[in-house]
Amino acid sequence: MVSDRGGRAGFVYRSRQSVYRALRRKGLTKTRAAEISNAGRTHGQRSRMSRKAARTRQVRGRGRR
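Turning our attention to the side chain of R16. Here R16 lies in the segment before α1 (17–25). If near-sequence neighbours (up to four positions away) are discounted, R16 is found in contact with S37, A39, G40 and R46.

This is how it looks when you write it as structure tokens:
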């Protein structure tokens, strides 16, 4: 498990641990899951990521489901 204090395994903010665990269940590596879960700590950052993901899905032809 990735620590909320850092160390050899990595670092995930305590408030983002549930996101990290969900990503790990989906099969992501510890590093990638930590990277994604730590991204977007503020509402503005998450909104920006959400809009970017929507644009990507639209370009790839995977509309909203």
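From this point, the narrative continues.
Glancing now at the packing of aromatic side chains. Tallying each qualifying case throughout the model produces one aromatic pair. Ring centres of F11 and Y13 lie 4.9 Å apart, and the angle between their planes is 80 degrees; this geometry places the pair in the edge-to-face category.

Time to look at the pattern of salt bridges. The full count for this structure, using the stated rule, is one salt bridge. For the salt bridge of E35 with R32, the shortest nitrogen-to-oxygen distance reads 2.5 Å. Of this pair, E35 and R32 both sit in helix α2 (residues 30–38), three residues apart, roughly one helical turn.

Take the layout of surface pockets next. Here the largest pocket is characterised by a volume of approximately 220 Å³. Along the walls of the largest pocket sit R16, V19, L23, I36, S37, A39, R46, M49 and A53, which together make up its complete lining. Sorting the residues of the lining of the largest pocket by element identifies α1, α2 and α3 (43–59) as the ones contributing at least two each. If you tally residues by element for the lining of the largest pocket, the top one is α3, at three residues.

What follows is about α1. By the burial criterion, the buried members of α1 are Q17, Y20 and L23. All buried residues of α1 project into a common sector of 125 degrees when viewed along the axis, lining one side. Where α1 is buried, its residues contact α2. Two residues or fewer past α1, G27 is found with a positive phi of approximately 105 degrees.

Conventions we followed
Residues numbered from 1 in each chain as written. Predicted model: local features only at pLDDT ≥ 70, side-chain atom pairs only at ≥ 80, totals over all residues. Heavy atoms only, no water. Helix = DSSP H or I, 4+ residues; strand = E, 2+ residues; numbered from the N terminus. Contact = heavy atoms within 4.5 Å. Phe/Tyr/Trp six-rings, centres within 6.5 Å; stacked < 30°, edge-to-face > 60°. Salt bridge = Lys/Arg side-chain N within 4 Å of Asp/Glu carboxyl O. 1 Å grid on protein atoms, 1.4 Å probe; cavity = no way out; pocket = protein on both sides within 12 Å on 5 of 7 lines; lining within 4 Å. Points joined across faces, edges and corners; volume = space filled by probe spheres on them. Buried < 20%, exposed > 50% of the residue type's maximum accessible area, 1.4 Å probe, protein only. Arc of directions from axis to C-beta.

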